[in-house]
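Spelled out from the first residue to the last, the chains are:
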Amino acid sequence: MRQLTPVDPHDSPAGRLAPVVPRLAGIAYGGDYNPEQWPAEVWREDVALMREAGVNLVSVGIFAWAMLEPAPGRYDFGWLDRVLELLDRAGIGVDLGTPTAAPPPWFLHRNPQARPVTRDGRVLGGGARQSFCPSSPAYADAAAAITERLARRYAGHPALMLWHAHNEYGGANAFCYCPVSAAAFRQWLRARYGTLEALNEAWGTAFWSQRYGDWAEIEPPVTAPTAVNPAQELDFYRFSADAHLANFRRERDILHRLSPGTPVTTNFMLANCKNIDYWRWAGELDLISNDHYLRAERADNHIELAMCADLTRSVAGGRPWLLLEHSTGAVNWQPRNIAKRPGELRRNSLAHLARGADGIMFFQWRASRSGAEKFHSAMLPHGGTGTRIWRDVVDLGATVRGLADLRGSRVVADAAVLWDWESWWALELDWRPSVDVTFRERVEAYYERLWRAHLTVDFAHPAASLDAYPLVIAPSLYLTTPAAAQNLRRYVAGGGTLVVSYFSGIVDGNDAVHPGGYPGALRELLGLSVEEFLPLRAGETVRLNGSAPDGGATADVWAERVVPAGAAVEWSYLDGPAAGLPAVTRHRYGRGTAWYVSTRLSGTDLDGVLARAYADAGVVPPAGVPDAVELVRRRGQGVEYLIAINHGECDARLPGAGLEMTTGTTVAGHLVVPAGEVRVLRTP
Ligand code: GAL
C-alpha cells in the first residue's frame, strides 16, 4: 500500500490559494449581462436588482460585436461606456467579453471565404453565431482589431475585473474543411512531421494505397466513400483544437499587452466538449472558467455535474476556478427542457462551490425577449421579481456572500481518474470492435461509484504525476502513449493501486496498435495479455462468479480472452464467449497493485471490484452517510469546510461539530442536513 502524504498536490505554504479574481472581494456571483438587448431605461432597473440579488460580477458584451462595430472600422462604444459606469457606481465588477464568437453580418458579407464548411462540403451561413472558419486570416484580423479597440478603451476602467475572451471556443465551429483550413492543415502537418516520409510512416499510409508523394495531395478528413485513415482523423482533431488555441492566444496577448494586470479567461465546456484538449489549454489562461448545463432529463444529473466540476478543478491544477455559466432553471436547447425543481438551483450552485469554484455565475441575467434563447431561464425571468426563481436567486446571493470565507481553500481528493481527450477522439473513430464502447460511458460509470461511496475525485492526464493519490482509475485509456504507460508503471511500482478497464493500452498516439499483443502498453503492468476481443451482442449479458451476496455479477457489452502472465484471477466468466476464462485480475507489481476489469460491470457489481481496490489502496469510504448525500471537503489555513448536499427526500444526520455557515448555528456532535438542503460546516 502506498504511504501517502495526504495533501493535495497543489499545497501552498500560505495555506490558501490566490483569489480567482484578485480585485473582487468574496465569491463571484452574477451572470452574462446583455444590456444591448434592452432599452437604456431597463439598465437602471437591472443594476438596482443586481444589488438586491447580491450580484458582484457580470459578463458584458460577449455577443455585442455588431453593436460595438456596426460597420467595419466604425465603432460605437458610447452605450458600453454608460453601462460600465452604471455598474461601477453600483459596485458591480465587470468580466468584459471580446465579442469575437459572433462576427457581425458585414463580416461574412465581405468575407464569403471565411464561412465554415462542413465535412460533407456544405458552406454554412450567418444569422446565427460562431459562423466563421477558425483558420481564416480575415477573421483573425477582424477579431484582433475589435479586441484591441476594447482593450485600449477599457484597460484600467475601475469596473474591469476580468477579460472574457470569446465564448466557448470550438462550441459550434470546432472543425472547418474549407480550402483555407485545408492549406492550414497541411502547414500544421509540415511543422509536426518535417518530411512526407515521417507523415507516411506515422499515418501508416502503406494501407489502402494512401501513400503521399506531395504535401498538396493531403486533404482534411472530408466525407469519403468509406472510413478515413484514423491517424489523419486524429491529427485533424489536434490541428483544429490548435487553430482555436491560436485564436485565443492572439486575443489574450493583445489583452495582456494593452491591459496588463487584468486576468484573462475564457469559458470552457468541461467535460462536455470532446473537441478541445483542455489539458493543453490549461497553462494558457490566467484562470480557468467553465460552463455547465445539466442533462436535465437524467435523474442523477447532479453526479454528472459533480464530475464536470471535478474535471474543471483538475484542469485548473487544483486552484480555484470560476463557474461562468449555468442555469437557474430550464435551458432551451435540449429535446425536453426540464425545469429545475425547488432547491435544485441551490444544490447545483453550491455543488460547484464545494468542488472548488470561487464564483457562481449564470447564463443569463435577464431573460431575452427575442432571439433563439428567449425560452432559456435567467436570474431575472420574464415573469420578473414575483417569481420563485427570482426569490431563489436572491436567497442564493445571500448564501454565497456568507460563504466568502471558503475563497482560496482547496478541495481534498481521495483518488484520481485518468482522462485524456486524445484517447476519447481515437476510441470513437470508425470501425472499432464495438459501437457500444465509448469514452464517457466508462468514465461516468466509475465516477458514479466513487461519488456514491462519498469519495472525491481529481482527474489527471495519464502522463501527469500521480504520486499524491493512493488510488488511480483508468476507465477508458484506449490510446496510451509510451510515456503514459511508463508513468503508470512507475506509479504502481512505487506503491500505488491502479484499476484499468477493458480496451485500454491498445494503440499509440497515431492509433497504431502497440506491438506484441494486447494491451501492448499495459501488458507487463497488468501481468496478462488479451488474445482476442469478444464483444457481446446488443442486450447480451454474461455472468461472473463475483463478490455480490448471491456470489455472482452480471456484465454486458464486452468480454475478452484474457491470458494471465503473473496476475491472479479474482473473477471469472461463467458463460458467454469467454466462459471459464478470467474476467477480473489483480497483479502485484513492485510495491503496488494493478487491477484489470475485462468486461462492463455496472452499479453494485462494479462496487465489488472497487471495494477490493479501496482495500489495496487504504482508501476508506466514509461510513454511515446516506446514499443521496454528497460530501466534499475544502481545506484552508487551519480550517476545514465540510459541504454536505442532501439530494434525497429524508433529512440526514452526520457526525460533526463546528460552525454551520449557511444558518450561522453552532453544531455539536451532529450536523442535520434537511432533505434537499445544503450545509457547510466549518471546523478548525
Ligand atoms: C452556452 C453559451 C451561452 C448560452 C448558453 C445557453 O453554451 O455560452 O451563450 O447560449 O449556452 O445554455
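The structure presented is a predicted model; accordingly, all values stated were derived computationally and were not measured.

Undergrad: Can you help me understand the overall build of the protein in this one?
TA: Within the protein, the secondary structure is distributed over 17 helices and 29 strands. Taking 2.2 N^0.38 as the reference for a compact globule, 684 residues should give roughly 26 Å; the C-alpha atoms of the protein span a radius of gyration of 26 Å, in line with that estimate. Projected onto the principal axes, the alpha-carbon positions of the protein cover approximately 75 × 75 × 45 Å. Scored against the burial criterion, the 684 residues of the protein give a buried share of 60%. Within the protein, counting contacts between residues at least 6 apart in sequence, those at least 24 apart form 73% of the total. Accessible surface for the protein amounts to roughly 25,600 Å². Of this, 52% is attributable to carbon and sulfur atoms.

Undergrad: Looking at this structure, how should I read the site of the ligand?
TA: Phe 63, Arg 129, Asn 167, Glu 168, Asp 291, Tyr 293, Glu 325, Trp 333, Phe 363, Glu 373 and His 376 make up every residue found near the ligand. Contact between the ligand and Asn 167: an oxygen atom at 2.8 Å from a side-chain N or O atom of the residue. Alone, the ligand offers 310 Å² of accessible surface; in the complex the protein occludes 94% of this. Of the residues contributing to the shell around the ligand, the split by class is four nonpolar, two polar and five charged.

Undergrad: What should I look at first to understand the packing of helix H6 (residues 179-193) against helix H7 (residues 196-203) in this one?
TA: The relative placement of two packed helices is expressed as an angle between their axes plus a distance between the axes. For the pair H6 and H7, the least separation of the axes is 9 Å and the interaxial angle reads 95°. Looking at the two axes, H6 sits roughly perpendicular to H7. From H6, Phe 185, Leu 189 and Tyr 193 reach across to H7, where they touch Ala 198, Leu 199, Ala 202 and Trp 203. The class makeup of the residues in the contact of H6 with H7 is seven nonpolar, no polar and no charged.

Undergrad: Whenever I open this one, the sheet that holds strand S16 (residues 541-545) confuses me. Can you help?
TA: Where strands meet in a sheet, backbone hydrogen bonds hold them as pairs that are either parallel or antiparallel. Taken in spatial order, the three strands of this open sheet run S16-S17-S22, and their pairing is antiparallel. Edge positions in the open sheet fall to S16 and strand S22 (600-601), since each of these has one partner strand only. Taken together, the five bridges between S16 and strand S17 (residues 552-556) define a ladder with antiparallel strand orientation. When the bridges of S17 are listed, Leu 544 appears paired with Ala 553.

Undergrad: I keep staring at unusual backbone geometry and nothing clicks. Help me out?
TA: Generally, phi is negative for residues other than glycine and the peptide bonds are trans, each holding for most cases. Here the amide bond leading from Leu 270 into Ala 271 is cis, since omega sits at -5°, within 30 degrees of zero. Note on placement: Ala 271 falls in the loop between strand S6 (267-268) and helix H9 (278-282). Note that the residue after Tyr 518, namely Pro 519, is joined by a cis bond; omega there is -20°. If you trace the backbone, Pro 519 turns up in the loop between strand S14 (497-501) and helix H16 (523-526). With phi around 45°, Glu 168 is a residue other than glycine that occupies positive phi space.

Undergrad: Sorry if this is basic, but what is going on with the pattern of salt bridges here?
TA: When the charged atoms of two side chains with opposite charge come close together, those side chains can pair. Taken as a whole, this structure holds 46 salt bridges when the rule is applied. A salt bridge links Asp 310 to Arg 313, with the nearest nitrogen and oxygen atoms 2.8 Å apart. With a gap of three residues between them, Asp 310 and Arg 313 both fall in helix H10 (residues 301-315), about one helical turn apart. Since its relative accessible area comes to 0%, Asp 310 is described here as buried. A relative accessible area of 1% means that Arg 313 is categorised as buried. The residue Arg 561 makes a salt bridge to Glu 532 at a minimum N-O spacing of 3.8 Å. Of this pair, Arg 561 sits in strand S18 (residues 560-564) while Glu 532 is found in strand S15 (residues 528-533), placing the two residues 29 residues apart along the sequence.

Undergrad: Help me understand the nonpolar core, please; the structure alone is not making it clear to me.
TA: Soluble globular proteins tend to pack their nonpolar side chains together in the buried interior. With 182 residues, the main nonpolar core has Leu 87, Val 315, Trp 419 and Trp 421 as its most contacted residues. Of the residues forming this core, the biggest block, nine residues, is contributed by helix H5 (residues 137-154). Two domains each put at least three residues into this core: domain 1 (415-617) and domain 2 (629-683). For Trp 419, the residues in contact, after removing those within four places along its chain, are Ala 271, Trp 279, Met 307, Leu 311, Trp 424, Phe 439, Arg 440, Val 443, Phe 459, Ala 460, His 461 and Pro 462. With 16 residues, the next largest nonpolar core counts Tyr 193, Leu 199, Trp 215 and Ala 231 among its residues.

Undergrad: Can you walk me through the side chain of Asp 414 in this structure?
TA: By secondary structure assignment, the location of Asp 414 is in the loop between strand S10 (410-411) and strand S11 (415-418). At 2.7 Å, the side chain of Asp 414 and the backbone nitrogen of Thr 456 are in polar contact. Among residues more than four places away in sequence, those in contact with Asp 414 are His 454, Leu 455, Thr 456, Pro 470, Val 619 and Arg 633.

Undergrad: Help me out: how do you make sense of the pairing of S17 in this one?
TA: On a regular strand, each side chain points to the face opposite its neighbour's, so the side chains alternate between the two faces of the sheet. Across two bridges, S17 lies against S22 in antiparallel orientation. Bridging from a neighbouring strand, Asp 556 pairs with Arg 600 of S22.

Undergrad: Explanation requested: the domain arrangement of the protein in the structure shown.
TA: Quite often, the size of an interface is put as the accessible area lost when its parts meet. One can read the domain layout of the protein as domain 1 (415-617) and domain 2 (629-683). Computed over C-alpha atoms, the centres of domain 1 and domain 2 are 35 Å apart.

Undergrad: Even after reading the chapter, I still don't get the sheet that holds strand S29 (residues 678-683), so can you show me in this structure?
TA: The sheet built from six strands is open, its strands ordered S10-S23-S24-S29-S26-S27 with antiparallel pairing. Of all strands in the sheet, those with a lone pairing partner are S10 and strand S27 (665-667), marking the two edges. Pairing analysis gives six bridges linking strand S24 (residues 639-646) to S29, with the strands arranged antiparallel. Within S29, the position partnered with Tyr 641 by the bridge is Arg 682. Sheet strands touched by helix H11 (residues 344-354): S10, strand S23 (629-636), S24 and S29. Its angle to S24, the strand with the most contacts, is close to 150°.

Undergrad: So what exactly am I meant to see when it comes to the side chain of Ser 259 here?
TA: Here Ser 259 shows up in the loop between helix H8 (230-258) and strand S5 (264-265). For Ser 259, the contacting residues outside a window of four places in its chain are Ala 155, Leu 160, Trp 163 and Ile 254.

Undergrad: Explanation requested: the packing of aromatic side chains in the structure shown.
TA: The geometry of an aromatic ring pair is captured by the separation of the ring centres together with the interplanar angle, meaning the angle of the planes. Using the criterion set out here, one finds 41 aromatic pairs in the structure. Considering the side-chain rings of Tyr 29 and Phe 362, the 6.2 Å spacing of their centres and the 85° angle between planes classify their relative orientation as edge-to-face. Here Phe 362 lies in strand S9 (residues 357-362) and Tyr 29 lies in strand S1 (residues 28-33), a separation of 333 residues in the sequence. Taken as a pair, Tyr 29 and Phe 362 share a single burial class, namely buried. Plain terms: the ring middles of Trp 365 and Trp 390 are 5.9 Å apart, the flat faces sit at 80° to each other, and that makes the pair edge-to-face. Note that Trp 365 is positioned in the loop between S9 and helix H12 (388-402) and Trp 390 in helix H12, a separation of 25 residues in sequence. As far as the burial class goes, Trp 365 and Trp 390 line up, both buried. Clustering of aromatic rings is evident, with ring pairs tying together Tyr 169, Phe 248, Phe 268, Tyr 278, Trp 279, Trp 281, Trp 419, Trp 421, Trp 424, Phe 439, Tyr 447 and Phe 459.

What counts and how
Residues numbered from 1 in each chain as written. Predicted model: local features only at pLDDT ≥ 70, side-chain atom pairs only at ≥ 80, totals over all residues. Heavy atoms only, no water. Helix = DSSP H or I, 4+ residues; strand = E, 2+ residues; numbered from the N terminus. Rg over C-alpha atoms; globule rule 2.2 N^0.38 Å. Buried < 20%, exposed > 50% of the residue type's maximum accessible area, 1.4 Å probe, protein only. Contact = heavy atoms within 4.5 Å. Areas by Shrake-Rupley, 256 points an atom, 1.4 Å probe, with all protein chains shown as cover. Near = heavy atom within 4 Å. Polar contact = N/O pair within 3.5 Å; in protein donor to acceptor, adjacent residues only side chain to side chain. Nonpolar A, V, L, I, M, F, W, Y, C, P; charged D, E, K, R; others polar. Axes fitted to C-alpha atoms, helices over the stretch in contact; angles between N-to-C directions. Parallel < 35°, antiparallel > 145°, perpendicular 65-115°, else oblique. Pairing = 2+ DSSP bridges. Salt bridge = Lys/Arg side-chain N within 4 Å of Asp/Glu carboxyl O. Core = buried A, V, L, I, M, F, W, Y, C linked by side-chain atoms within 4.5 Å. Domains from an automatic or database assignment. Phe/Tyr/Trp six-rings, centres within 6.5 Å; stacked < 30°, edge-to-face > 60°.

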